[in-house]
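Here's the letter readout for the chains.
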Amino acid sequence: MRDLVSEAIPRMASPIHSMGIEEGSWEELVKPSTVGGGMADVAMPCHSLAPIMKKSPSEIADNIASAVSDSLEGIATVSSLNGFVNLLATDTWLSSKVEALIRDPRMGISLEDSRTIAVDYSAPNVAKEMHVGHLRSTVIGDAIVRMLEFKGHRVIKENHVGDWGTPFGMLIEHLLDLGESEVAGEKGISDFDQFYKQARHKFDEDQDFAERSRSRVVKLQSEDNETLRLWQILVDISTRYFNEVYSMLGVLLTDDDLMGESAYRHILPNVVARLSECGMLENSDGAEVVFLGGKWVNREGDPFPVMIRKADGGYNYSTSDLACIIDRVERLGCDDLLYVVGTPQKQHFEMVFEVASNAGFIDQSNRAIHVNFGSVLDSDGQMLKSRKGQNVKLVDLLREAIVRADSSISEKNPELTGSEREEVAKMIGIGAVKYSDLSSDRTKDYVFDWDRMLSFEGNTAPYLQYSHARICSIFSRSGVSRNSLTDSRIILATPEERALARELLGFSQAVDYSIEGLYPHRLCTHLHSVSSSFASFYEVCHVLDGDDAVKSSRLALCDMTARSLSLGLGLLGIETPERM
Ligand code: ARG
């Protein structure tokens, strides 16, 4: 309803100014209404005008309502209640706006001034199992990338995998102990958690192994060829596994987006040099650190540093992220840097951004945002684990989603068979996992619940996908092609048609609102309202029965509903089958 706001304000201006209300003092008050019930699409609370006008808010609202009513004729009907001026769009206005959407493949979503935006997401660790946190990062990051690209931005996907650092000494030695050909072969590493744990165990228990591991780290850091070759074996096995997960998930990430910690190792000395040049680097017990001061104190009240280079010469996670910022801003020309990473790393990013800004790696024109998210919990409120109490293996989880979806469609539509059924089961199973994650506020912990996410009712992917498939089936029964509706007139004869029209008009606003805060759940909430309004509409309005004009109007509403769902879910990385 922001269109109604922007069309109403200029028409309200002259009558409002004649009442002695100054230009610039009231426009901001006119906003899309937050109260449902079909009373107002746009509301203007007059309470803040009371002290200036020296009248009660309800008197002011009454006066404004009668003053602007004529100039809004045809657009909105005006009323007032309890100090609010209420505008309700007229059917004519609504129809004309909705008619414009029939011909718009973007469903009203405009392009923004393009910025170059790095989105850092997924970022699992080499030789470790991808955990559900990486799943969240992958799914949320992918949705954000799709939305930003659709708005016209240049998006650079960055998969900052953990592929460098001291643990690789012991991992490489363990690889050698197991036998290189064994590990590098077809089978690869079937259980990364086990692999990592064994290496760790030997490191802690076996002095000789620990010694070998330490000298392996030195060799790795000095870029010894043989060591790099062994390291690459581990990287390749892991990358194969990540790609298996990405392809099951249907996310946009490819090998071209891999930009792991190792890719920045040559910039690390440069980070140190630049921090030292601007006088930020201090020596603390042999380590090189930055003290930011201010709120960064530990429990004892002592200043708490950002570790740049440890006393043993090794660099830190923060150093790598600083190098990353330099690279993204200076080499890639990024305006904005987004990091889709769990909430536990909040302090890390705050400190890194502060160092980067103090050192001039980023300035006012850049936005660096930690797009944080909560943990994935099981139904008992515990961190999600597999039955054996280990980290859930992501491919197993995704396979289970598809199997469960398959059994639910076999109940719902036994006619679906063969490869079509396989495809549909995949779209529903994977869609369900993604949507249940995306539809909850990312900053909160979210509960992983198979029954809820696969349900055909409620705010779930299967429910939205089902509404979409249902509309496709209406069209196949109607004998009318969806492309033939471009000149349809929209007739809003029932409250259900009006309500659906309003939801369809709100789509682009929901997408913008979702991007504005980088909150995919806002779009989900809207898609669910579209679907619910469609269900009420479909119950009351017989789409294929009426005369030609009514039929064409209702079919156009169906078409736009289906398009909102497929475009909206598409922006979230979720597919919409035509039959299910
Ligand atoms: N690999 C890290 C982890 O698993 C996440 C990296 C996030 N990105 C970054 N630029 N720090 O926790």
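Remember, predicted model here, so these are calculated numbers, not experimental data. (Residues numbered from 1 in each chain as written. Predicted model: local features only at pLDDT ≥ 70, side-chain atom pairs only at ≥ 80, totals over all residues. Heavy atoms only, no water.)

Topic: the overall build of the protein
1) Next: When helices and strands are counted, the protein shows 21 helices and 13 strands.
2) Next: Each of the 580 residues in the protein was classed as buried or not, and the buried ones make up 51%.
3) Next: Carbon and sulfur atoms provide 48% of the accessible area of the protein, an area that totals close to 26100 Å².
4) Next: Side chains of the protein give 59 positive and 87 negative charges; the mean places of these two sets differ by 2 Å. (Helix = DSSP H or I, 4+ residues; strand = E, 2+ residues; numbered from the N terminus. Buried < 20%, exposed > 50% of the residue type's maximum accessible area, 1.4 Å probe, protein only. Areas by Shrake-Rupley, 256 points an atom, 1.4 Å probe, with all protein chains shown as cover. Lys, Arg positive; Asp, Glu negative; His and termini not counted. Charge placed at Lys NZ, Arg CZ, Asp CG, Glu CD.)

Considering the pattern of salt bridges
1) Next: In total, this model carries 37 salt bridges according to the counting rule given.
2) Next: A single network of salt bridges, built from pairs that share partners, joins E173, D177, K202, D208, R212 and R216. (Salt bridge = Lys/Arg side-chain N within 4 Å of Asp/Glu carboxyl O.)

Things to note about helix α12 (residues 317–331)
1) Next: Compared with the 21 Å implied by 1.5 Å per residue over 15 residues, the 20 Å span of α12 between its first and last C-alpha is a close match.
2) Next: Among the 15 residues that make up α12, twelve are buried, leaving the element largely enclosed by the rest of the structure.
3) Next: Buried within α12 are the following residues: S318, T319, S320, D321, L322, A323, C324, I325, I326, D327, R328 and V329.
4) Next: Lining the buried residues of α12 we find β5 (116–120), β6 (154–158), α11 (268–277), β9 (305–309), β10 (336–342) and α13 (346–358).
5) Next: Positioned one or two residues after α12, G333 has a phi angle of 70°, which is positive. (Expected span 1.5 Å × (residues − 1). Contact = heavy atoms within 4.5 Å.)

A few points about the sheet that holds β5
1) Next: Strand order in the open sheet formed by four strands is β6-β5-β10-β11, with parallel pairing between adjacent strands. Because the sheet does not close on itself, it has two edges, and the strands there are β6 and β11 (367–373). Pairs of neighbouring strands in the sheet enclose a mean axial angle of 20°, with direction left out of account.
2) Next: With four bridges connecting them, β5 and β10 associate as parallel partners. In the sheet register, V119 faces β10, and the bridge partner there is L338.
3) Next: The strands touched by α13 within the sheet are β10 and β11, with β11 carrying the most contacts at an inclination of about 175°. (Pairing = 2+ DSSP bridges. Axes fitted to C-alpha atoms, helices over the stretch in contact; angles between N-to-C directions.)

Focus on the site of the ligand
1) Next: Near the ligand you find D120, A123, N125, H134, H160, Y317, D321, Y339, V341, Q345 and F349, and these make up its full shell.
2) Next: H134 is positioned with one of its side-chain polar atoms (N or O) 2.9 Å from an oxygen atom of the ligand.
3) Next: Every element with two or more residues in the shell around the ligand is listed here: α12 and β10.
4) Next: Here the residues of the shell around the ligand are counted per class, giving five nonpolar, four polar and two charged. (Near = heavy atom within 4 Å. Polar contact = N/O pair within 3.5 Å; in protein donor to acceptor, adjacent residues only side chain to side chain. Nonpolar A, V, L, I, M, F, W, Y, C, P; charged D, E, K, R; others polar.)

What to know about the sheet that holds strand β8 (residues 287–291)
1) Next: Strand order in this open sheet of three strands is β7-β8-β9, and the pairing throughout is antiparallel. Two strands close off the open sheet at either side, each with one partner strand: β7 (281–284) and β9. Pairwise comparison of adjacent strand axes, ignoring direction, gives a mean angle of 45° for this sheet.
2) Next: Across the sheet, α11 touches β7, β8 and β9, and the angle it forms with β7 is around 100°.

Considering the environment of S18
1) Next: Topologically, S18 is positioned in helix α1 (residues 2–18).
2) Next: Judged by relative accessible area, which is 62%, S18 ranks as exposed.
3) Next: Between the C-alpha atom of S18 and that of A67, which follows or precedes it by 49 residues, the distance is 9.1 Å.

With respect to the packing of helix α5 (residues 132–150) against helix α15 (residues 418–438)
The geometry of a pair of packed helices is captured by two quantities: the angle between their axes and the separation between those axes.
1) Next: At a closest axis distance of 10 Å, the pairing of α5 and α15 adopts a crossing angle of 85°. Taken as axis vectors, α5 and α15 run roughly perpendicular relative to one another. Contact residues: L135, R136, V139, I140, D142 and A143 in α5; V433, K434, D437 and L438 in α15.
2) Next: Along the lines of polarity and charge, the residues of the contact of α5 with α15 split into six nonpolar, no polar and four charged. (Parallel < 35°, antiparallel > 145°, perpendicular 65-115°, else oblique.)

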